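A structural walkthrough
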Amino acid sequence: MVNVRSGPAALLIRPLPAMLGFEPRDAIVVVGLTASHRTGIVMRLDREDCLLPEVARALARSVAVHLTRAGYPQACIVSFRDGPLDEPDPAVDAVAQTLDEAVAVRDAWLVSDGRFRSQWCTDFACCPRRGLPVAGPLDEAGRDLGVDVVARRRPATSADAAARRRAMRARERALLARARTGGAWDAQALDLWRRAVDEAMDGRMPADAASGRLLAALDVIAVRDAIVVDLDELEAAECAEVLAGRADERIRESLWGLVDGRPARDRARVEAAVDLALHLAGLAAGSRGAANAAPMTIAAIGHWWLGDRAAAEHLADAALAAEPGYRLAQLVAATLIAGVNGR
């Protein structure tokens, strides 16, 4: 049992919102640990899903596969929920039971209202019933646990389960609409993204239904690539070429321009796009595939262009955990590993 008064538990919990890219709510977060106890991959699960035994087992097996393949032999589990800390979370035990068959689960913590305690500690002198405060300097937490936490990172607030369901239903409806209308839908989706970025610059995020349509837009490779080009502030004609599946050398250079060192043309707009992408990632949290990977990859690219390499690495890793074969995230991760400078 970790003696939480000595600090390591709080130091592990404290940077999780920055590592995920959003503030988790009603969530189970699994943190991979190296053999030397340094943090690595972080995966978020929907807590409601983990309360269903069969679903919890399937999710835990999937997490175990990702951790094992990535070289993390142990893990910790953190439950973010509203409620008293002295009441165990059955979702934690449901995940831990299966996960521990393949990966050593070192401890599990409950987090609520800015405080935390170990689910498995029965010593109230070590873990008071009301828990201990999580608050503390993020940069200290990052240094002690091998996590680079940069001040620029602004975690978006994760949506509640009802908002996620509304957004994901809207996404499915939008994808069905695209199957009927094709290219016209793609152009409208790009316009919706641009308007949403404009609103994000004023601190406003789209409603759940509009967010679902944006998630659908990121599912479509041509629209997603046009959004990357739009981040680079090219003219509408160039984005139209990408939407149509045509791209000359100049457009391809911009599309894959994340590998060069040019500065972002409009930092404020890129920051707003990052915040929008993280908002969408919060609504897609717990989903598998491109629904989750695409917005995290867009946020990774934006963070990199803004010079926040650590955030880009964490988000690219999280995107690949959601969709291991997601090619744009693979490109970002590979280029980061190669040591290419951001913008």
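Everything below is about the structure printed above this text.
Residues numbered from 1 in each chain as written. Predicted model: local features only at pLDDT ≥ 70, side-chain atom pairs only at ≥ 80, totals over all residues. Heavy atoms only, no water.

1. A short note on the side chain of glutamine 119
Mapped onto the fold, glutamine 119 is located in the loop between strand E6 (115-118) and strand E7 (132-133). By relative accessible area, which is 10% here, glutamine 119 ends up buried. Side-chain polar atoms of glutamine 119 contact the side chain of aspartate 93, separated by 3.3 Å. (Helix = DSSP H or I, 4+ residues; strand = E, 2+ residues; numbered from the N terminus. Buried < 20%, exposed > 50% of the residue type's maximum accessible area, 1.4 Å probe, protein only. Polar contact = N/O pair within 3.5 Å; in protein donor to acceptor, adjacent residues only side chain to side chain.)

2. What about the nonpolar core?
Core analysis: the largest hydrophobic core is formed by 58 residues, its most contacted members being Trp185, Trp193, Leu276 and Ile298. Breaking this core down by element, the ones donating at least two residues are helix H7 (161-181), helix H8 (183-201), helix H9 (208-219), helix H10 (221-231), helix H13 (267-284), helix H14 (290-305), helix H15 (309-322) and helix H16 (327-337). Sort the elements by how many residues they give to this core and H13 lands first, with 11 residues. (Core = buried A, V, L, I, M, F, W, Y, C linked by side-chain atoms within 4.5 Å.)

3. Concerning the pattern of salt bridges
Inspection of the entire model under this criterion finds 13 salt bridges. Ionic pairing is found between aspartate 46 and arginine 164, a salt bridge with its closest N-O pair at 2.9 Å. Residue aspartate 46 is located in strand E3 (residues 39-46), and its partner arginine 164 is located in helix H7; the two are separated by 118 residues in the primary sequence. Judged by relative accessible area, which is 4%, arginine 164 ranks as buried. The shortest N-O distance in the salt bridge between aspartate 208 and arginine 166 comes to 2.8 Å. Of this pair, aspartate 208 sits in helix H9 while arginine 166 sits in helix H7, placing them 42 residues apart in sequence. Sharing partners across several salt bridges, the network here consists of Asp26, Arg47 and Asp89. (Salt bridge = Lys/Arg side-chain N within 4 Å of Asp/Glu carboxyl O.)

Worth remembering: the numbers are spatial, not functional.
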